[in-house]
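Examining the three-dimensional arrangement
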Amino acid sequence: MIKKITCIECPVGCQLEVETDQSGHVIKVTGNKCEKGPVYAKQETENPMRILTSIVLTEGLDLKMVPVKTNKPIPKAKLMEAMAAVKKLKLTKQVKVDETIASDFLGLGVDLIATRPASFNSH
Amino acid sequence: MAAAVAAQKAGVKDILLLERDQYLGGILNQCIHTGFGLHHFKKDLTGPEYADRFIKQIEAIRDIEVSLKSFVVRLTKDKILTYLKPGKLEEIKAKALIMATGCRERTREMTHISGTRPAGIYPAGLAQKMINIEGLLPGKEVVIIGSGDIGLIMARRFTLEGAKVKAVIEIQEKTRGLIRNVVQCLEDFSIPLYFRHRIAKIYGKDRVEKVLVENTVNGETFELPCDTVLISVGLIPENELIEMACVEIDKKTNAPVSKEVNKCSIEGIFVCGNSYKVYDLVDNVTRDSVKAGQMAAEYLKGLK
Ligand SMILES: Cc1cc2nc3c(=O)[nH]c(=O)nc-3n(C[C@H](O)[C@H](O)[C@H](O)COP(=O)(O)OP(=O)(O)OC[C@H]3O[C@@H](n4cnc5c(N)ncnc54)[C@H](O)[C@@H]3O)c2cc1C
Ligand code: SF4
């Protein structure tokens, strides 16, 4: 199968043609202006990964919502499942930036961490 | 914050930082996505993380006094500031002044869309604030006007929160946003992006019910049912205060008339960040605001 994707590794944005075999493995990439294109195409076709950023509800803290992110990318296919899990969380204690809110989130080997302190005078 | 830190490093001893909100950081607080700081910190940070790094710097400097919930309402050309704090009205005279009041969003009134005036029409940045700060979802079925980065980011944000984004409508033939955002905010969720299209009409009595989308090349139209329309068609510098002080303002861009970065028509008043001109990248705001701090310090040395 041949699929067209846009390389996002730099602002040039090459249109890549990605050829895959039956099992979805990349066999050929064309349209790239540099060697980063095929690497991106392989990752993006075989196992696309994304950092999830979202918000978590709090109780008894200054901020009603605390922004969070996964500390490493997770499979793109897991984004909505991860969101459903994020919505179930409730933060009741003060956190600092980078502090873990849920470790080994969904068993994906990544942590969900805070990106903002949950109270105004926290430093 | 960058200007304050830079001014202090350049030798200024008595700095007051006024902020109307309950916290520092400005618009960065609502930009919870990544993509900030690649130049300045050589790291891919979220908006709040980028702000936090500056907040920590500010809090470590004793020469900088931070006054929150302080809404500046008046400025004269002699640099006398009047600001409201809960329960009081304060006045202060500055020797040098750095204005970093940011920008605001263009509204529907500025984009000429016909139709009724129902609820459900939001500037995209306001919707961003409602979701990310207040935890409120403005609607369930969304059409977004404008494919700049804010529009794209909000398409993903609404989708992740469980809303259905019907389409992003762009009048130009290509997006002003980053390709990365087109891929990760639209293509990831199969959200259609229509180039050379515009919203010809918004329908709905109390709440938005649908929009009429028009192809600007051949005039063909189609309808999209939705309960929410996000408008993301650009930003304008927020400069009412310096205008009050009789600083010359360019009526078209709402930016100060300026010969050199951060300067305006009054000596000793410096304007930086999005109030000087609308920036795409926070890293560039920081770079130029550092300059503003240094310029203010230079100016103060010249006074003595
Ligand atoms: C919705 C939106 C999304 C963005 N997304 C991105 C992005 O993804 N990546 C990126 O690099 N850049 C992004 N930007 C650009 C961003 O604006 C800049 O990067 C930067 O954060 C702007 O900083 P600033 O200090 O100039 O303005 P602001 O952050 O707007 O700060 C202005 C501050 O002044 C305060 N203020 C204003 N008037 C008064 C007054 N009268 N009295 C007291 N205080 C006052 C405000 O409360 C605010 O805190 C985005 C901008 C917007 C508007
Ligand atoms: S292939 Fe190379 S040049 Fe083309 S967009 Fe990717 S990184 Fe840029």
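Below you will find a few notes about this structure. Think of each chain on its own: its residues are numbered from 1, step by step along the sequence as written. Starting at A for chains and at 1 for ligands, labels are handed out in the order in which the entities are written. Reporting in this predicted model follows two pLDDT cut-offs: at least 70 for local features of residues, and 80 or more for side-chain atom pairs to be given and counted; totals over whole chains, interfaces and linings ignore these cut-offs and use all residues. Computation of side-chain values: all heavy atoms of the structure, hydrogens and water removed.

1. What about the interface of chain B and chain A?
Selection criterion: We call two residues in contact whenever any of their non-hydrogen atoms come within 4.5 Å of each other. Buried area, as used here, totals the accessible surface that two parts lose on assembly, with accessibility defined by a 1.4 Å probe and the loss added over both. One side-chain nitrogen of Lys or Arg within 4 Å of one carboxyl oxygen of Asp or Glu is enough to make a salt bridge. As used in this structure description, the phrase polar contact means that two N or O atoms lie within 3.5 Å; if the pair is within protein, one of them must be able to donate a hydrogen and the other to accept it, and residues adjacent in sequence are counted only when both atoms belong to side chains. Numbering of helices and strands runs from the N terminus, with a helix taken as a DSSP run of H or I at least four residues long and a strand as a DSSP run of E at least two residues long. Three classes are used, and their members are as follows: Ala, Val, Leu, Ile, Met, Phe, Trp, Tyr, Cys and Pro are nonpolar, Asp, Glu, Lys and Arg are charged, and the others, Gly among them, are polar.
Across the boundary between the two partners, chain B contributes 30 residues, which contact 30 residues of chain A. The junction of chain B with chain A conceals about 2500 Å² of combined surface from both sides, 58% of it contributed by carbon and sulfur atoms. Broken down residue by residue, the surface that chain B buries against chain A is led by Glu49, Leu160 and Ile179 of chain B, which jointly contribute 21%. Taken together, chain B and chain A are joined by four salt bridges. Asp188 of chain B is paired through a salt bridge with Arg50 of chain A; the nearest N and O atoms lie 2.5 Å apart. At the surface where chain B touches chain A, the tally comes to seven residue pairs in polar contact (both at pLDDT 80 or more). The set of elements that each furnish at least two residues to the side of chain B that touches chain A consists of helix 2 (47-59), helix 3 (124-134), helix 4 (149-160) and helix 5 (179-186) of chain B. Among the elements that make up the side of chain B that touches chain A, the one with the highest residue count is helix 2 of chain B (six residues). Each residue belonging to the side of chain B that touches chain A can be placed in one class, and the counts come to eleven nonpolar, nine polar and ten charged.

2. Details of the site of ligand 2
Inclusion rule: Throughout, near means a residue has at least one heavy atom within 4 Å of the molecule or strand.
Lining the immediate environment of ligand 2, one finds Cys7, Glu9, Cys10, Gly13, Cys14, Asn32, Lys33, Cys34, Lys36 and Gly37 of chain A. Classifying every residue of the shell around ligand 2 gives four nonpolar, three polar and three charged.

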